[in-house]
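Chain and residue survey
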Amino acid sequence: MPDTRALVVDTALRLFRERGYEATTMRLVAAEAGLSVGNAYYYFPGKDALVQELYRRIQVEHRAAVADRLPRGGTLEQRLTGTWLAGLAVMAPYRSFGAGFVSRAIRPGEAASPFSDASSEARELAVHLLRDVVEGARPAVPGTVARELPELLWLAWLGVTVFWLNDPTPDAGRTRRLVTGAAPLIGRLVRLSRLPVLRTTVTDVLALVEDVRR
């Protein structure tokens, strides 16, 4: 007998892709899964909980997509470019859903916000992946920068994601150019952070990020 919880998730994610968030109701999910509405609600209190499953699944699939690349080393820009491009490929099936959903996700107080407590698991998975990207880079990223950079890269990735959702070019070509151009720039800035003339500025930026994160 199939795992009922997994069946609800798989059905909901398919409906998100095919019909979008607003048109996907818990009643529809239950009907498509061949379950009672009460059975669907037993596993998930509502659509927002299913969205969190989508977030988590994307992070798990993103990790799997780069699992064989990260142990190979490489520069920060090479590792970041590959990881971000892999992320776009993982999210591609949900692009139509995300384009209509983003306005909801950015509302203050929404559980679907990537900054919400409800999104903490997916957020931590994303930051952990970027931490592996940073820590495996060669030449090594300076210690102070390496500690804070993964969260900064996660914030940058959110910006890339919003840009991608609104990219009208074929195969999101503009977003791909953004990634392949931005990652080397980030790598150069990190290398420049070793210079004494920029070290104080970098420290101030990192301190500001730490302050607003509290």
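Placed above this text is the structure.
The notes below deal with the structure included here. All of these numbers come straight from a predicted model, not from anything done at the bench.

Reading the values: rules and limits
Residues numbered from 1 in each chain as written. Predicted model: local features only at pLDDT ≥ 70, side-chain atom pairs only at ≥ 80, totals over all residues. Heavy atoms only, no water. Helix = DSSP H or I, 4+ residues; strand = E, 2+ residues; numbered from the N terminus. Expected span 1.5 Å × (residues − 1). Buried < 20%, exposed > 50% of the residue type's maximum accessible area, 1.4 Å probe, protein only. Contact = heavy atoms within 4.5 Å. Polar contact = N/O pair within 3.5 Å; in protein donor to acceptor, adjacent residues only side chain to side chain. Salt bridge = Lys/Arg side-chain N within 4 Å of Asp/Glu carboxyl O.

Between its terminal C-alpha atoms helix H1 (residues 4-19) stretches 22 Å, which fits the 22 Å expected from 16 residues at 1.5 Å a residue. When H1 is considered as a whole, its buried residues turn out to be Thr-4, Val-8, Val-9, Thr-11, Ala-12, Leu-13, Leu-15 and Phe-16. Contacts made by the buried residues of H1 are with helix H2 (26-33), helix H3 (37-43), helix H4 (47-66) and helix H6 (95-105). The backbone nitrogen of Arg-5 has a side-chain oxygen 3.0 Å away, supplied by the residue at the start of H1, namely Asp-3.

Enumeration over the complete set of coordinates arrives at 10 salt bridges. The shortest N-O distance in the salt bridge between Asp-10 and Arg-57 comes to 2.8 Å. Of this pair, Asp-10 sits in helix H1 while Arg-57 sits in helix H4, placing them 47 residues apart in sequence. As a salt-bridge pair, Glu-110 and Arg-107 come within 3.8 Å of each other at their nearest N and O atoms. Linked through salt bridges whose partners overlap, the residues forming this network are Arg-5, Glu-53 and Arg-56.

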